[in-house]
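Architecture and fold: a report
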Amino acid sequence: MALPITYNVRNVRVRWQLTLLAVVGIALVVTTIVFLTAMASGFSLALRATGRDDNAMIVQKGANAELTSGIGRNAAQVLLVDPRIARDDQGWPLSSPEILVVASYPRKADGADVNVSVRGVTPRAFEVRGGLRIVAGRQVQPGLPEVIVGERVRERYGFEVGSKVSIQNKPWEVVGVFAAEGSGFESEIWGDLETMAEPLRRTGGYQAIVVRLADPSTFEAFKTAWEGDPQVQVSVSRERAFYEAQAGPIAGALLGLAGFVGIVMGVGAVFGAMNTMYGIVASRTREIGTLRALGFSRRAILASFLTEAAILAAFGGALGCLLALPANGISGATNSANFSEIAFAFRVTPPTLFAGMVFAVMMGIVGGLLPALRAARLPITTALREV
Amino acid sequence: MSGNGKAPMVAVEGVKKVYRRDAEEVKVLDGLSLEVPEGDFVALMGPSGSGKTTLLNLIAGIDRPTAGKVIVAGTDVAQLGESELARWRSRNVGFIFQFYNLIPVLTAEENVALPLLLTNLSKKERRERALTALKVVGLAERSQHYPRQLSGGQEQRVAIARAIVADPKVLVADEPTGDLDSKSAEEILALMETLNRDFGKTIVMVTHDPRAAQRAHTQHHLEKGVLSL
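If you're wondering where the values come from, they're calculated on a predicted model, not measured in any experiment.

About the thresholds
- Residues numbered from 1 in each chain as written.
- Chains lettered and ligands numbered in written order.
- Predicted model: local features only at pLDDT ≥ 70, side-chain atom pairs only at ≥ 80, totals over all residues.
- Heavy atoms only, no water.
- Pairing = 2+ DSSP bridges.
- Helix = DSSP H or I, 4+ residues; strand = E, 2+ residues; numbered from the N terminus.
- Salt bridge = Lys/Arg side-chain N within 4 Å of Asp/Glu carboxyl O.
- Buried < 20%, exposed > 50% of the residue type's maximum accessible area, 1.4 Å probe, protein only.
- Contact = heavy atoms within 4.5 Å.
- Polar contact = N/O pair within 3.5 Å; in protein donor to acceptor, adjacent residues only side chain to side chain.
- Axes fitted to C-alpha atoms, helices over the stretch in contact; angles between N-to-C directions.

**Topic: the sheet that holds strand S1 (residues 10-21) of chain B**
Residue and element names in this part refer to chain B. Spatial strand order, S2-S1-S4-S5: 4 strands in an open sheet with antiparallel pairing. Looking at the sheet topology across the chains shown, the edges are occupied by strand S2 (24-36) and strand S5 (75-76). With 2 bridges joining them, strand S4 (residues 67-72) and S5 adopt antiparallel strand pairing. Pairing of Ile71 across the sheet is with Asp76, part of S5.

In structure tokens:
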């Protein structure tokens, strides 16, 4: 029969000074891991873009970012008659020609000037891009100096509905705030394409055109046809793939870093937990000898110490999760291929917390195993002689 | 051999115990033989290093002889495997230690009930038996106290309650009064006498204290690993 768990719970409580170190050590590791995972998951969400698989992204041949791309209006006219492009019931192509410039604004947090992408779009953009919705105020009215801002922009630069934003030395009124499912668009300022083209000196053409394909399986044919056409000089990619290619290396590096830091810290915490468990075993050697003399088996002693290590680690894990919780919603930022800031929100999700707890208990058990084995293997007479 | 012809409770036959300390062999017991009849109260005396505690450990089944036989309550202890031996101890031997060896985080009652966790008794039965054992040692009203809230003598009485709770045939005591003042020591010895006389427990006690040894029915003196009497 096993030793009762109350025995372990009381030991953890009574020897709180000794266990506190291990608990705090494990807690800090769990906090760091949850924090990094929250950052990585928010980050990869922001960079994944809401790109749809049936959308094709058209930019100038050789350009790998929208900012360095340019497609003449004539080329656009030619492109948009392609029959593979989906059309609305009036026969207009489902396309979103867009212009993009970068403007610089002081960040609310520290006043530093940061680049923000300003995008001019047609009223059709929300429909074609997908995943976008107004969360405060309203859409812009073509012809008026109005803009809408992404949620992250409102948050980081304080551009509330009703305030004025300067773009190319001209004031624009913020009339709405939009969300884009956590994607990078939330870090942009959007206005009406035709209203913005003149003041932004982008009357000659577009930076990019997004088109909806009537049948996604025609993408390859569409791509081959237009990339081979010397008249338009464009390159075509799937919308999602285009943004992933821009973000991929950064997101990958960050996720890799989170994993690496997690492993290194985890190993450190295992040694910390092991050290504490060794201390606990050493201080209770005579107790172990007594229990063995009374007839408790080695297995019972081993199970008891592993249970204690797991309880201790679970406390650490819970504390770590608690410490990491406030990170939920914190925003961080990185630079996009357009040389402007992409902000993202940390996402502390229940699965992340659960993983943190599992990791903590694993650390405790691994750290407790060797000391517990030592405790169970000690000859009874040796153990009883210890003070 | 005991007078009534029954097999002795403890029979130690030609036991040798050799410890290896680095390359050096230390002979602790050197062909020692000893019989303890059922119901006897035996004191093992002798200078430090004479092997008396080693002999006690062999009788209690927490150590194994290098050679020879140790038969306790009809079982050849050396023949049992590790887990069989643990089970055997829980049923046949009650331990009384010099420093009581109570578990500090458990109450008196929980400490006493520990050996019963190895039985099939229900929680209620375990509780009842533990309280009965505490009554025998006169500490029923302290059942919810923790060891640190008890005096040395009281701790030793709780330890004795733990030793008898599973109703073992043999009690082994290693310097049971060694850490107590003379008044407490007297109480503990009186209690042990009661257990021997009224409960029929066979007791083997290691002691330095001549007053303690006088309470025993039989005294054995050890010198350099053999009986010197």
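**Focus: the pattern of salt bridges**
Any two side chains of opposite charge can pair if their charged atoms end up close together. All names here are of chain A. Considering all chains together, one arrives at 33 salt bridges over all chains under this definition. Where Arg129 meets Glu66, a salt bridge forms, and the shortest distance between an N and an O atom there is 3.8 Å. Of the two residues, Arg129 sits in helix H4 (residues 125-129) while Glu66 sits in the loop between strand S1 (55-60) and strand S2 (71-72), which places them 63 residues apart along the sequence. Neither residue differs from the other here; Arg129 and Glu66 are each classed as buried. If you follow the salt bridges from partner to partner, you end up with Glu66, Glu98, Arg119, Arg129, Glu188 and Glu239 in one network.

**A look at the environment of Ser163 of chain A**
Residues and elements named next belong to chain A. Take Ser163: it is sitting in the loop between helix H5 (151-157) and strand S7 (164-167). In the structure, Ser163 is positioned 12 residues away from Val175 in sequence and 8.1 Å away in space, judged by C-alpha atoms. Setting aside anything within four residues of it in sequence, one finds Ser163 in contact with Trp172, Glu173 and Val174. A distance of 2.6 Å separates the side chain of Ser163 from the backbone oxygen of Glu160, its partner in a polar contact.

**Description of the sheet that holds strand S10 (residues 226-227) of chain B**
Sheets are built from strands paired through backbone hydrogen bonds, the pairs being either parallel or antiparallel. Residues and elements named next belong to chain B. Strand order in this open sheet of 6 strands is S6-S7-S8-S3-S9-S10, and the pairing throughout is mixed. Looking along the sheet, the strands with just one partner apiece sit at the ends: strand S6 (93-96) and S10. In terms of strand pairing, strand S3 (residues 41-45) meets strand S8 (residues 202-206) through 4 bridges, oriented parallel. Its bridge partner lying in S8, Phe41 is registered against Ile203. Sitting on the sheet, helix H6 (residues 182-198) touches S3, strand S7 (170-174) and S8, and the angle it makes with S8 is about 150°.

Shape descriptors only; they carry no functional weight alone.
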